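# Close look at the chain arrangement
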Amino acid sequence: MKTWLITGCSSGLGLELAEAVAARGDRLVATARSTDSLKSLCDRYPETVRSIPLDVTRAGDAAKAVALAESAFGGLDVLVNNAGFGFIGAIEEGEPDEYRPMFEVNLFGLIETTRAALPALRKRAGARIVNLSSGAGIAGSAGFGFYNASKFAVEGLSEALAQELRPLGVRVIIVEPGPFRTAFLGRSMATAAREIAAYAETVPARRQYRQTNDGRQAGDPAKAVAVMLQAVDAEHPPLHLPIGPRAHAIAEQKLDAFRADIAAWRDVSIATDFDARSQIGPN
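Keep in mind the model is a prediction, meaning the values are calculated, not measured.

Where burial is concerned, the two faces of strand 4 (residues 78-81) agree: the one with Val-78 and Val-80 and the one with Leu-79 and Asn-81 are both buried. Strand direction decides the pairing type here: strand 1 (residues 3-6) and strand 4, joined by three bridges, are parallel. Looking at strand 4, one finds that Trp-4 is bridged to Val-78. Pairing geometry for strand 4 and strand 6 (residues 128-132), over four bridges, is parallel. Its bridge partner lying in strand 6, Asn-81 is registered against Asn-131.

In structure tokens, the structure reads:
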């Protein structure tokens, strides 16, 4: 029996994961900015589920949630940083007051929640940190640059964190979902107010994708959660976990393109060390 703390449980993959964790008998601290949507979950599992408000951008909230896990259930085994939202717009179109709040949630909120949970996680052998990235954290695409940047940052942070925690027995899993049928393209997506005609060949396709695919995504959230649970339970979980055929296609295309660039410029780009004679100091 594990004790979990999950952020962003009001809807989407966060709520789906919270339901699955509770249904299998694990203990859970479910969090959201408002816990009204979590009342039913707590009522159905009064012995094993607690809820607490957690706005990842508000100082002190994460520490209170961790303290609840320790006081109610004696510790913490799994942290899932799920809270986040998206933003559509060309880099030139986005304004700071539009895109910076996304970084506060997707990146800085994740960092502070993780920092608050680490002392508790380090006490538990086999603890796990699950950071929700995205296929957008693997490869950038026009109109999604700000969101790409926030998730690329999560990837780099998570890779470094994994190296720091491996000797302590704590494993990090970066979950990189493709499109799943959640509210992500709806209420979890912001859009730049300004549209610049110069980007008409690239960015509008992203806006159109949102309009035509919201609620029609091919991915089944329950199946995504089943994969996440299997990874958390694994003795040797993956660091990178793309979920869904689209996420795997993005990863494979990125690797192929990356390898092609490296190979094409290898001889030129590695010939940058000092010549052998210049390594010899003056007599």
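Another point: the sheet that holds strand 9 (residues 240-243). Taken in spatial order, the seven strands line up as 3-2-1-4-6-7-9 in an open sheet, and their pairing is parallel. Single-partner strands in this sheet number two, and they are strand 3 (49-53) and strand 9. Each adjacent strand pair in this sheet contributes to an overall mean axis angle of 15 degrees, direction not counted. Sheet topology places strand 7 (residues 171-177) next to strand 9; four bridges connect them, and they run parallel. Across the sheet, residue Glu-176 finds its bridge partner in strand 9, namely Pro-242.

Turning to helix 5 (residues 145-165), a few remarks are in order. Taking 1.5 Å of rise per residue, the 21 residues of helix 5 would be expected to cover 30 Å, and the 30 Å separating its terminal C-alpha atoms lies within 8% of that figure. All of the buried residues in helix 5 are Phe-146, Tyr-147, Asn-148, Ser-150, Lys-151, Val-154, Glu-155, Ser-158, Leu-161, Ala-162 and Leu-165. Structurally, helix 5 contributes buried residues whose contacts are with strand 5 (86-88), helix 4 (96-121), strand 6, strand 7 and strand 9.

In the numbering used here, UniProt assigns the feature "domain: Ketoreductase" (unreviewed entry) to residues 2-183. Spanning residues 2-183, this segment combines 43% helix with 19% strand, and its end C-alpha atoms are found 28 Å apart.

Now for the packing of helix 4 against helix 5. Any two packed helices are characterised by the angle at which their axes cross and by the distance between the axes. Axis separation between helix 4 and helix 5 bottoms out at 9 Å; the angle between their running directions is 15 degrees. One element, helix 4, and the other, helix 5, form an angle in the roughly parallel class. Our pair here, helix 4 against helix 5, has a crossing hand that is right-handed. Residues Tyr-99, Met-102, Phe-103, Asn-106, Leu-107, Leu-110, Ile-111, Thr-114 and Leu-118 of helix 4 form the contact with helix 5, whose participating residues are Phe-146, Tyr-147, Ala-149, Ser-150, Lys-151, Ala-153, Val-154, Leu-157, Leu-161 and Leu-165.

A separate point is helix 4. Helical geometry: 3.6 residues make up each α-helical turn, so side chains three or four residues apart lie on a common side. With 26 residues, helix 4 should cover 38 Å at 1.5 Å per step; its first-to-last C-alpha distance of 35 Å lies within 8% of that length. At Phe-108, helix 4 shows its largest kink, close to 35 degrees.

One number sums up the size of the second largest pocket: a volume of about 220 Å³. Residue lining of the second largest pocket: Gly-137, Ile-138, Glu-155, Glu-176, His-240, Pro-242, Ala-251, Lys-254, Leu-255 and Phe-258, and that is the complete set. Sorting the residues of the lining of the second largest pocket by element identifies strand 9 and helix 8 (245-269) as the ones contributing at least two each. Of all the elements, helix 8 adds the most residues to the lining of the second largest pocket, at four residues. Class assignment for the residues of the lining of the second largest pocket results in five nonpolar, two polar and three charged.

As a further point, take the environment of Pro-245. Summarising the element assignment, Pro-245 is placed in helix 8. Here Pro-245 falls in the exposed class, since its relative accessible area comes to 74%. As a C-alpha pair, Pro-245 and Pro-179 span 66 residues in sequence and 9.2 Å in three-dimensional space.

Applying the stated criterion across every chain, the model contains three aromatic pairs. Taking the centre distance of 5.7 Å and the plane angle of 70 degrees together, the rings of Phe-87 and Phe-146 count as edge-to-face. Linking Phe-87 in strand 5 with Phe-146 in helix 5, this pair joins segments that are 59 residues apart in sequence. This pair shows no difference in class: Phe-87 is buried, exactly as Phe-146 is. Seen in terms of ring centroids, Tyr-99 and Phe-146 are 4.2 Å apart; in terms of plane orientation they differ by 10 degrees. Their pairing is stacked. In this pair, Tyr-99 is assigned in helix 4 and Phe-146 in helix 5, connecting sequence segments 47 residues apart. By the burial criterion, Tyr-99 is buried, and Phe-146 matches it. In textbook terms, an aromatic cluster arises when at least three aromatic residues are bridged by ring pairs, as seen for Phe-87, Tyr-99 and Phe-146. When the ring centre of Phe-144 is taken as origin, the NZ or CZ atom of Arg-206, which lies over that ring, is 4.2 Å away.

Reading the values: rules and limits
Residues numbered from 1 in each chain as written. Predicted model: local features only at pLDDT ≥ 70, side-chain atom pairs only at ≥ 80, totals over all residues. Heavy atoms only, no water. Buried < 20%, exposed > 50% of the residue type's maximum accessible area, 1.4 Å probe, protein only. Helix = DSSP H or I, 4+ residues; strand = E, 2+ residues; numbered from the N terminus. Pairing = 2+ DSSP bridges. Axes fitted to C-alpha atoms, helices over the stretch in contact; angles between N-to-C directions. Expected span 1.5 Å × (residues − 1). Contact = heavy atoms within 4.5 Å. UniProt positions renumbered as here; feature names shortened; annotations may be inferred. Parallel < 35°, antiparallel > 145°, perpendicular 65-115°, else oblique. Left-handed = near helix turned anticlockwise from the far one by under 90°. Bend = angle between axes of the 7 residues up to and from the residue. 1 Å grid on protein atoms, 1.4 Å probe; cavity = no way out; pocket = protein on both sides within 12 Å on 5 of 7 lines; lining within 4 Å. Points joined across faces, edges and corners; volume = space filled by probe spheres on them. Nonpolar A, V, L, I, M, F, W, Y, C, P; charged D, E, K, R; others polar. Phe/Tyr/Trp six-rings, centres within 6.5 Å; stacked < 30°, edge-to-face > 60°. Lys NZ or Arg CZ within 6 Å of the ring centre and 35° of its normal.

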